[in-house]
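One-letter residues, chain by chain:
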Amino acid sequence: MSGLSEPYMVHDPWKMAGALMNGRWLVARWEHLGENEDLRYWTAVLLAVCDDVGVDPVVINIARKSLTVVLNGGLRPPTFEQVEATINAIDYHRFLEREIKPELIVKRSAS
């Protein structure tokens, strides 16, 4: 996987765990973690769901970027360049003050 797709928003922890099972990684903007931007609660919910489905998540908080990266520890990790490109795409959307669209809208416009 060398290219990047348009970033999209997923709120459901089961869909996030499913993405991790399929070899994707997650990048969460802290301002999208819910009403109180509660990183601990968001992480705890995601870890519990991952445990239920047998995913071994690796959670990396990047405080200076206000982002959390989550990888599936049981699969081959993405390259540094892939994660860096994903973070740069998120920063680009932040800079332009663009909202990241829900998954369904992005997939529909890509077809």
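Worth saying up front: this structure is predicted, and the values here are computed from it rather than measured. (Residues numbered from 1 in each chain as written. Predicted model: local features only at pLDDT ≥ 70, side-chain atom pairs only at ≥ 80, totals over all residues. Heavy atoms only, no water.)

Novice: Mind showing me how you'd approach the pairing of strand 3 (residues 67–72) here?
Specialist: On a regular strand, one side chain projects to one face of the sheet and the next to the other, so that they alternate. With respect to burial, strand 3 is a largely interior element, six of its six residues being buried. The two faces of strand 3 match: Leu67, Val69 and Leu71 on one face and Thr68, Val70 and Asn72 on the other face are all buried. In the sheet, strand 1 (residues 26–29) pairs with strand 3 via four bridges, with the strands oriented antiparallel. What sits directly across from Val27, in strand 3, is Val69. As judged from the six bridges shared by strand 2 (residues 57–62) and strand 3, these two strands associate in the antiparallel manner. (Buried < 20%, exposed > 50% of the residue type's maximum accessible area, 1.4 Å probe, protein only. Helix = DSSP H or I, 4+ residues; strand = E, 2+ residues; numbered from the N terminus. Pairing = 2+ DSSP bridges.)

Novice: Help me out: how do you make sense of the pattern of salt bridges in this one?
Specialist: Opposite charge on two side chains allows them to pair when their charged atoms are near. If you walk through the whole model with that rule in mind, you get four salt bridges. With its nearest N and O atoms 2.7 Å apart, the salt bridge here joins Arg29 to Glu31. Here Arg29 falls in the buried class, since its relative accessible area comes to 8%. Of the residues examined, Glu31 reaches a relative accessible area of 30% and is grouped as partly exposed. One connected set of salt bridges, linked through shared partners, spans Arg29, Glu31, Lys65, Asp91 and Arg94. (Salt bridge = Lys/Arg side-chain N within 4 Å of Asp/Glu carboxyl O.)

Novice: Where do I start with the sheet that holds strand 1 in this structure?
Specialist: Within a sheet, each strand pairs with its neighbour through backbone hydrogen bonds, oriented either parallel or antiparallel. Spatially, three strands are ordered 1-3-2 in an open sheet, and the strand pairing comes out antiparallel. Both edges of this open sheet fall to strand 1 and strand 2, since each of them pairs with a single strand only. Here the average twist between neighbouring strands, direction ignored, is 20 degrees. Strands strand 1, strand 2 and strand 3 of the sheet are contacted by helix 2 (residues 39–53), whose axis makes an angle of about 165 degrees with strand 2. (Axes fitted to C-alpha atoms, helices over the stretch in contact; angles between N-to-C directions. Contact = heavy atoms within 4.5 Å.)

Treat this as a map of the structure, not an account of what it does.
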